[in-house]
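Architecture at a glance
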Amino acid sequence: MIRHSSLFWHFTYGAVFTALCAFAGLIGLVAYQLEDSMTRQQGELLNLSQTRLLEMLTADVKLAGKRLEFLFEDRVRRVSAIAADPNIVKAIESRNNVAMSELLGPFAELDDIDGIVVLDDKARVIGASSYDSDLVSLGQKLPSLVFFDEIERSLADSLPGESLTYSGVLPKEKSQVFVPGKNVNAVSQVMFVPVYDDFGYVIGGLLAQRWLRETEPMLTNLTEINAFGLAVVYDGDIISRASFDGRISDIERSPENLNITSNGSNVIKCGIPISPISICALLPIEQLTETQNELTRIGTEEEAKLLKRLFLFGLLALVAFAAVAFLISRQITRPLTKITRVLSGIAAGDFENQVVGTERLDEVGDIARSVVSLQRSVKERDALRVRVHEKNSILRSQEAKLREQNVLFDAALNNMSHGLCMFDSKGKLIVSNQRYVELFELDEDTVKPGMTAAEIADVLDVELVETEAPVPSTLSFSLVRTKGATQSTEMVKIRSGRIVLTTRQPLCDGGWVAISEDITERQEARDRLAFLARHDMLTQLPNRIEFKDQLEALLNRQQVQGGEFGILCLDLDEFKTVNDSLGHPIGDELLRQVAERLRELISERELVVRLGGDEFAILTNLPADLYAIDELAQSVIWELSKPFQVADHDIVIGVSVGISVSKGGVVEADELFKQADLALYQAKEDGRNTHRFFEAEMGTAVNERRELITDLRYAITNGELELYFQPQYSLANHTVTGFEALVRWHHPERGMVPPMEFIPLAEDTGLIVPLGEWVLNEACRQAAHWPDHLRVAVNLSPRQLRGHSFGPVLISALTKSDLRADRLELEVTESVLLIESEEILDALHQAKTLGVKISMDDFGTGYSSLSYLRRFPFDKIKIDQSFVRSMAYSDESVSIVKAVIDLAKNLDMTTTAEGVETELLLEMLKDIGCTDAQGYFLGHPMPVSELDELLFECRAAISTAAQ
């Protein structure tokens, strides 16, 4: 029954009325403050909207500048990629204007570059990407332009890996127009990148120009993404735009508000991220107005929503307050009711009911705490009886589990892949497994618990291989150590030869665990890797690393013991020929047999190594006299000159030996090896298959060779070379049919340098490519002035035919000279086809397609000439002079030459005999059917100035025939 006159209801009614009055006053105050704050916020939001809009436009201006900077940097990278192209480098080295235009034009169009001008290493204009370029005018203007100093500095200071490039954004009057085109604008990007040859020298550079487009795609994409207009301004004019089609007057700013255009149509923000151009970003003024109206509308709506929510929250709070007052009032009577229920539960044997109110300090709390004490005492009495029963059950269960764990532990211990021994702090064995006994090959009952570590060590028959820490002299195994708290490992070898690694891990009680494992396979693999790191895989000989370490050790011993020792550098002669003709598998087997013979030659105190390729070295020991070293070198030459039997091939090679001797004193290992290498070079120069000791003047010869290479490079560039022409005669009517072009070098200090000296140097250094290109161009130019029936023959090197670059060079030579293709004859040796390169065959077929004649030079001196005649349709065979000269006294040579001539006739080819030095040889060749001949008897090689008489005779003969 509810009594409304009780204290409970008086307290509830008073609390609710007080809360209602406070809520009404709070609502009124909040409404007044909200109206005032919304008025102020409306004005601040209007200013903020314009500020945010300007910040967005400022960011757009900066982003547009960054995109332009990326565009400029990307063009510099593209020009650098063009400068690194091998074909561009070759075109610049050859000064070939046509090749430069043909190559640079597509590159410029592909990389969106308006023009590229080629400069030589003196900053002179030598070519351009377009035939329309006025190179002479541009070359005169270039030194006066503002960036010319940067170009000269780049050419002078650039090195491979440290290229000094130039990039600048310049107006038209400061940059000029490099290449006329449709994209010329008020501002352009000017770039310069140096160009290097194969030896790292700066040979010129690419000067590129790209005009700023009236509509840059990169800027257009940006404006489409961010939805704004963009105008690029220079000198009061719009020179580029994106998403904006207005005029310059449409972006002039209002004097009153600098961020609004003067016609009031756009919000504008300008900046100069990249000098000398400025960038202006625009948004229609309607966006600002719409933003301001939207902010005002949002503020009004939010004010109404806030008042509604506040009123609703107040009602909910009032209801919640009334409920709380009701609940608080009930806190007095409800605990007593619950305590009564708990007492009833105790009487019924229920001790789990929770007593409430024990935390209270009033009378209700005292009653609750008394009930809790009663409940606890009765509960403890009953629980004590239950606990005794439960403990008995637990003890029986634990005993069963312990027995099960012991069985599992024994099974795990004896089935481990590692051997295990556990010792206590006194060094006595606690437990060991079956694997430990098997690992050390012991009898079944040899190791038992209670044995000391020393007793176990006595029964182990092992040999210590490696230990991590010192072992006492009386003990041989770490198993016996009982002191110390650090981990240690030992590696031992057992009777069967297998390797066992034992790790000793200390325990916290002073004992330790020793775990042993079989690491035989792992150790063998590690030893194999260590061997491979210091030995050559093919020959199993020590390699360059081992050689260097042994040489350093020998030098250190020499400082203490004295004496002399020697280094012998060996290089196999004709090994490359074997590799190229018989294949690399045969070459590898030959190297293995060479290594085996060298092992048998040296003693145990000497070391033979393979340095790489076909290079070997022998290091003698201390002491070694010069006589013994000389004998060793002669033995090496004699032994390696004997025939090798490799896969049914009898192979005969030779070896050149260079020797340096260390006689004590302070000398570096690298210097000794360098001396031996110089001596090896001298041995090769002296005819190969011999040996030479190092002498001081050998270094001078190497320097002279280096100087000759430098002079040759200069001679090719500066016109010190000259062409001589040797006439070729038809044996049918004794008339001149053409000339063979032969290069000669007039050195300003050395005089006439023989071709046999500088041609091999050009082959070795790669200078044969520009040299051969010059010979081809000059020969075509000279032959163009000869009578139309005369041909010119030009020798080609294999290097010239590689890389798909010979075709453009040949076309350029014929185009510039206006020489008919069928008047040009290219001579190649069998070594060209020996390389078996598709690039070379493609180049020869291309020349053949143009109408150029192809002849095989020095026929019969190679390895498989007949197969080459089948692989390529030659027009002519040139018989080597060694066969021709020996015809006067050798019937075999006559038979060989006749066979070659008959073969050529059957293959519809002509023949030219070289080395005709007597009238007898000429008559013999005519009798056996040779077509043409050349030699000193018919005419020496002569300069152009001496050809007039022969050319006059040819013209006179033509006139007579015409009459």
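Residues numbered from 1 in each chain as written. Predicted model: local features only at pLDDT ≥ 70, side-chain atom pairs only at ≥ 80, totals over all residues. Heavy atoms only, no water.

1. Regarding the overall build of the protein chain
Regarding its fold elements, the protein chain presents 29 helices and 31 strands. Within the protein chain, contacts between residues separated by at least 24 positions form 62% of all contacts whose residues are at least 6 apart in sequence. When the accessible surface of the protein chain is totalled, it reaches about 51600 Å², and 54% of it is carbon and sulfur. (Helix = DSSP H or I, 4+ residues; strand = E, 2+ residues; numbered from the N terminus. Contact = heavy atoms within 4.5 Å. Areas by Shrake-Rupley, 256 points an atom, 1.4 Å probe, with all protein chains shown as cover.)

2. Side note on the nonpolar core
Counting residues in each nonpolar core, the largest one holds 77 residues, and the members touching the most others are Leu776, Leu824, Leu826 and Leu925. The biggest single contributor to this core is helix H21 (residues 768-783), with seven residues. What Leu824 contacts, discounting residues up to four positions off in sequence, is Leu776, Cys780, Val792, Val794, Leu810, Leu814, Leu819, Val852 and Lys853. Residues Phe575, Val594, Ile637 and Val655 belong to the second largest nonpolar core, which totals 32 residues. (Core = buried A, V, L, I, M, F, W, Y, C linked by side-chain atoms within 4.5 Å. Buried < 20%, exposed > 50% of the residue type's maximum accessible area, 1.4 Å probe, protein only.)

3. Observations concerning the pairing of strand E24 (residues 736-747)
The side chains of a regular strand alternate between both faces of the sheet. Of all the 12 residues making up E24, 11 are buried; the element is thus mostly covered by neighbouring parts of the structure. Here nine bridges tie strand E23 (residues 721-730) to E24, and the two strands are oriented antiparallel to one another. Bridge pairing links Leu721 to Trp745 in E24. Between E23 and the antiparallel strand that follows it, E24, lie five residues; His734 among them carries a positive phi value of about 55 degrees. Of the strand pairs in this sheet, E24 and strand E26 (residues 791-795) are connected by four bridges, and their pairing is parallel. The partner of Ala741 across the bridge, within E26, is Val794. (Pairing = 2+ DSSP bridges.)

4. Brief notes about the state of the cysteines
A complete count under the given rule lists one disulfide for this structure. Through a disulfide, Cys270 is tied to Cys280; the S-S separation comes to 2.0 Å. Across the disulfide from Cys270 to Cys280, rotation about the S-S bond amounts to roughly 110 degrees, and the bridge is consequently right-handed. Of the two residues, Cys270 is situated in strand E8 (residues 266-274) and Cys280 in strand E9 (residues 277-284); the sequence distance between them amounts to 10 residues. When its relative accessible area of 5% is taken as the criterion, Cys280 is described as buried. (Disulfide = S-S within 2.5 Å.)

5. So, the packing of helix H14 (residues 544-561) against helix H18 (residues 669-685)
The angle between the axes and the distance between the axes are what describe a pair of packed helices. Following both chains from N to C, one finds H14 and H18 inclined at 115 degrees, their axes separated by 10 Å at the closest point. In terms of orientation, H14 and H18 fall into the roughly perpendicular class. Of the two elements, H14 crosses H18, and the hand of that crossing is right-handed. On the side of H14, the interface is formed by Arg544, Phe547, Lys548, Leu551, Glu552 and Leu555, while H18 contributes Ala669, Asp670, Leu672 and Phe673. Of the residues belonging to the contact of H14 with H18, the class tally is six nonpolar, no polar and four charged. (Axes fitted to C-alpha atoms, helices over the stretch in contact; angles between N-to-C directions. Parallel < 35°, antiparallel > 145°, perpendicular 65-115°, else oblique. Left-handed = near helix turned anticlockwise from the far one by under 90°. Nonpolar A, V, L, I, M, F, W, Y, C, P; charged D, E, K, R; others polar.)

6. Considering the sheet that holds strand E2 (residues 125-128)
The five strands lie next to each other as E2-E1-E5-E4-E3, forming an open sheet whose pairing is antiparallel. Every interior strand has two partners, whereas the edge strands, E2 and strand E3 (166-171), have only one. Ignoring which end each strand starts from, the neighbouring axes of this sheet average 25 degrees apart. As defined by bridge partners, strand E1 (residues 115-120) adjoins E2 across three bridges and the pair is classed as antiparallel. Across the sheet, Val117 pairs through a bridge with Ala128, a residue of E2.

7. Here we look at the packing of aromatic side chains
With the rule as written, the count across this model stands at eight aromatic pairs. A centroid spacing of 5.8 Å and a plane angle of 65 degrees characterise the contact between Phe547 and Phe673, whose relative ring orientation is edge-to-face. Within this pair, whereas Phe547 is found in helix H14, its partner Phe673 is found in helix H18, the two being separated by 126 residues in sequence. Judged by centre distance (5.3 Å) and plane angle (80 degrees), the ring pair of Phe725 and Trp786 falls under edge-to-face. In this pair, Phe725 is assigned in strand E23 and Trp786 in the loop between H21 and E26, connecting sequence segments 61 residues apart. Given a relative accessible area of 6%, Trp786 falls into the buried group. Taken together, the ring pairs connect Phe147, Tyr166 and Phe178 into an aromatic cluster. Lying across the ring of Phe644, Arg597 places its NZ or CZ 3.6 Å from the centre. (Phe/Tyr/Trp six-rings, centres within 6.5 Å; stacked < 30°, edge-to-face > 60°. Lys NZ or Arg CZ within 6 Å of the ring centre and 35° of its normal.)

8. A look at the pattern of salt bridges
All told, the structure shown has 34 salt bridges when counted by the stated rule. Ionic pairing is found between Asp74 and Arg78, a salt bridge with its closest N-O pair at 2.9 Å. Of this pair, Asp74 and Arg78 both sit in helix H1 (residues 7-83), four residues apart, which is roughly one turn of that helix. The partner of Asp571 in a salt bridge is Lys684, with the nearest N and O atoms 2.6 Å apart. One end of the pair, Asp571, is in strand E16 (residues 565-573); the other, Lys684, is in helix H18, and 113 residues separate them in sequence. (Salt bridge = Lys/Arg side-chain N within 4 Å of Asp/Glu carboxyl O.)

9. Observations concerning unusual backbone geometry
Here Ser275 and Pro276 are connected by a cis peptide whose omega angle stands at 15 degrees. Mapped onto the secondary structure, Pro276 falls in the loop between E8 and E9. The linkage connecting Leu622 with the following residue, Pro623, adopts the cis geometry, with an omega of -15 degrees. Turning to its location among the elements, Pro623 is positioned in the loop between strand E18 (615-619) and helix H17 (626-640).

10. With respect to a negative patch on the surface
Together, Glu552, Glu668, Asp670 and Glu671 give the surface a local cluster of negative charge. Relative to the elements of secondary structure, Glu668 occurs in the loop between strand E21 (654-662) and H18. Look at Glu668 and you get exposed, because its relative accessible area is 55%. (Patch = residues over 30% accessible without salt bridge, like charges linked within 9 Å, V, L, I, M, F, W, Y side chains within 5 Å. Lys, Arg positive; Asp, Glu negative; His and termini not counted. Charge placed at Lys NZ, Arg CZ, Asp CG, Glu CD.)

11. Quick look at the side chain of Gln189
With respect to the helices and strands, Gln189 occurs in strand E4 (residues 187-196). One polar contact links the side chain of Gln189 to the main-chain carbonyl oxygen of Phe72, over a distance of 2.8 Å. In contact with Gln189, not counting residues within four places along its chain, are Leu71, Phe72, Glu73, Arg75, Val76, Ser167, Gly168, Val169, Ala208, Gln209 and Arg210. (Polar contact = N/O pair within 3.5 Å; in protein donor to acceptor, adjacent residues only side chain to side chain.)

12. Observations concerning the sheet that holds strand E12 (residues 463-467)
Strands sit in the order E11-E10-E15-E14-E13-E12 across an open sheet of six strands; the sheet is antiparallel. Two strands close off the open sheet at either side, each with one partner strand: strand E11 (429-432) and E12. Each strand axis lies, on average, 20 degrees off the axis of its neighbour in the sheet, ignoring direction. Summarising the sheet, strand E10 (residues 419-423) and E11 pair through three bridges and their orientation is antiparallel. Across the sheet, residue Phe423 finds its bridge partner in E11, namely Leu429.

13. Digging into helix H3 (residues 97-110)
Working note: α-helix, 3.6 residues per turn, so residues spaced by three or four point in the same direction. Compared with the 20 Å implied by 1.5 Å per residue over 14 residues, the 20 Å span of H3 between its first and last C-alpha is a close match. Looking at H3, one finds that the buried residues are Ala99, Met100, Ser101, Leu104 and Ala108. For H3, the N-terminal cap is Asn96; the gap from its side-chain oxygen to the backbone nitrogen of Val98 is 3.2 Å. Just past H3, the residue Asp112 takes up positive phi, approximately 55 degrees. (Expected span 1.5 Å × (residues − 1).)

14. Details of H17
With 15 residues, H17 should reach 21 Å at 1.5 Å per residue; the first-to-last C-alpha distance of 21 Å fits that figure. All of the buried residues along H17 are Ile629, Asp630, Leu632, Ala633, Val636, Ile637, Glu639 and Leu640. The elements touched by buried residues of H17 are E16, helix H16 (584-601), E18, strand E19 (644-646), E21 and strand E22 (691-693). Capping of H17 at its N-terminal end is provided by Asp625; its side-chain oxygen lies 3.1 Å from the backbone amide nitrogen of Tyr627.

15. Looking at the side chain of Ser660
Within the secondary structure layout, Ser660 lies in strand E21. Here Leu672 takes part through its backbone oxygen, which lies 2.9 Å from a polar atom of the side chain of Ser660. With near-sequence residues (within four places) excluded, Ser660 lies in contact with Phe565, Gly566, Ile567, Leu672, Gln675, Ala676 and Phe694.

16. A few points about the environment of Leu258
By the secondary structure assignment, Leu258 is in the loop between strand E7 (237-242) and E8. The exposure class assigned to Leu258 is exposed, which follows from its relative accessible area of 54%. Sequence separation between Leu258 and Ile268 is 10 residues; the distance between their C-alpha atoms is 8.1 Å.

17. Focus: the packing of helix H22 (residues 806-817) against helix H24 (residues 838-850)
In the contact formed by H22 and H24, the axes pass within 9 Å of each other and the chain directions differ by 25 degrees. As the angle between them shows, H22 and H24 are arranged roughly parallel. H22 and H24 meet at a crossing whose hand is right-handed. Residue-level inspection shows Phe806, Gly807, Leu810 and Ile811 of H22 in contact with H24, the latter providing Ala843, Gln846, Ala847 and Leu850. Residue composition of the contact of H22 with H24, grouped by class: six nonpolar, two polar and no charged.

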